[in-house]
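# What the coordinates show
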Amino acid sequence: MAISNYTLTRIFNLYKPSLLGAKISKIVRLSNYDFSFLLFSKTQESLLVFLEPINPYFLIASSYFKMIDEGSGFVASLRKYFDQGTIINLEKSPNDRIVTFTIKKMTPSYQIITNKLILELIPHNSNALILD
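One structure accompanies this document, and this report is about it. (Residues numbered from 1 in each chain as written. Predicted model: local features only at pLDDT ≥ 70, side-chain atom pairs only at ≥ 80, totals over all residues. Heavy atoms only, no water.)

### Details of the overall build of the chain
Looking only at helices and strands, the chain features 2 helices and 8 strands. Taking 2.2 N^0.38 as the reference for a compact globule, 132 residues should give roughly 14 Å; the C-alpha atoms of the chain span a radius of gyration of 14 Å, in line with that estimate. Taken along the three principal axes of its C-alpha coordinates, the chain extends 45 × 30 × 30 Å. Relative to its 132 residues, the chain shows a buried fraction of 36%. For the chain, long-range pairs separated by at least 24 residues make up 47% of all intrachain contacts whose partners lie at least 6 apart in sequence. On the chain, roughly 7600 Å² of surface is accessible, and the fraction owed to carbon and sulfur atoms is 55%. (Helix = DSSP H or I, 4+ residues; strand = E, 2+ residues; numbered from the N terminus. Rg over C-alpha atoms; globule rule 2.2 N^0.38 Å. Buried < 20%, exposed > 50% of the residue type's maximum accessible area, 1.4 Å probe, protein only. Contact = heavy atoms within 4.5 Å. Areas by Shrake-Rupley, 256 points an atom, 1.4 Å probe, with all protein chains shown as cover.)

Take a look at the structure:
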């Protein structure tokens, strides 16, 4: 059973203080629908995003999971835009299951770029979008 909007709001409010300012050290693919951001702020943790069609959700874990060696176009895009970035803002749509991460990153040419990762955690319609 998918999590409700109320439950997602409580999870979001619980995780928001620990996610703000966290640096993304690595992005790995866990399965066809799941990926992990290895974070470092005060402690080293993982932000796990599960976009499975039946039960999409995200959580923070202190343990590591086995990654898949196969390449993925979407995970390659995540690495391109968010690897070594810093989470500067998190937002949740008030009446929907949409979470937006704003991530700032410095390019090899020392330009600071800001991109957004939007997670739509809607059952049977889960999605992740990268916006600039």
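Next comes the rest of the description.
### Quick word on the layout of surface pockets
For the largest pocket, the calculated volume is near 150 Å³. The wall of the largest pocket is formed by 13 residues, among which Asn32, Tyr33, Phe35, Leu51 and Phe74 lie closest to the centre. Listing elements by their share of the lining of the largest pocket, those giving two or more residues are strand S2 (34–40), helix H2 (73–82) and strand S8 (127–131). Residues that form the lining of the largest pocket fall into these classes: 6 nonpolar, 5 polar and 2 charged. (1 Å grid on protein atoms, 1.4 Å probe; cavity = no way out; pocket = protein on both sides within 12 Å on 5 of 7 lines; lining within 4 Å. Points joined across faces, edges and corners; volume = space filled by probe spheres on them. Nonpolar A, V, L, I, M, F, W, Y, C, P; charged D, E, K, R; others polar.)

### Things to note about the environment of Tyr33
Looking at the secondary structure, you find Tyr33 in the loop between strand S1 (23–29) and S2. C-alpha separation for the pair Tyr33 and Val49, spaced 16 residues apart in sequence, amounts to 8.4 Å. Those residues in contact with Tyr33, other than ones at most four positions away along the chain, are Val49, Phe50, Leu51, Glu52 and Pro53.

### Examining helix H1 (residues 5–19)
In a regular helix each residue adds 1.5 Å, so 15 residues correspond to 21 Å; H1 covers 20 Å between its end C-alpha atoms and thus fits that length. Bending of H1 peaks at approximately 25° at the position of Asn13, with proline Pro17 no more than four residues after it. All of the buried residues in H1 are Leu8, Phe12, Tyr15 and Leu19. Where H1 is buried, its residues meet S2, strand S3 (44–50), strand S4 (57–61), strand S5 (86–92) and strand S6 (98–106). (Expected span 1.5 Å × (residues − 1). Bend = angle between axes of the 7 residues up to and from the residue.)

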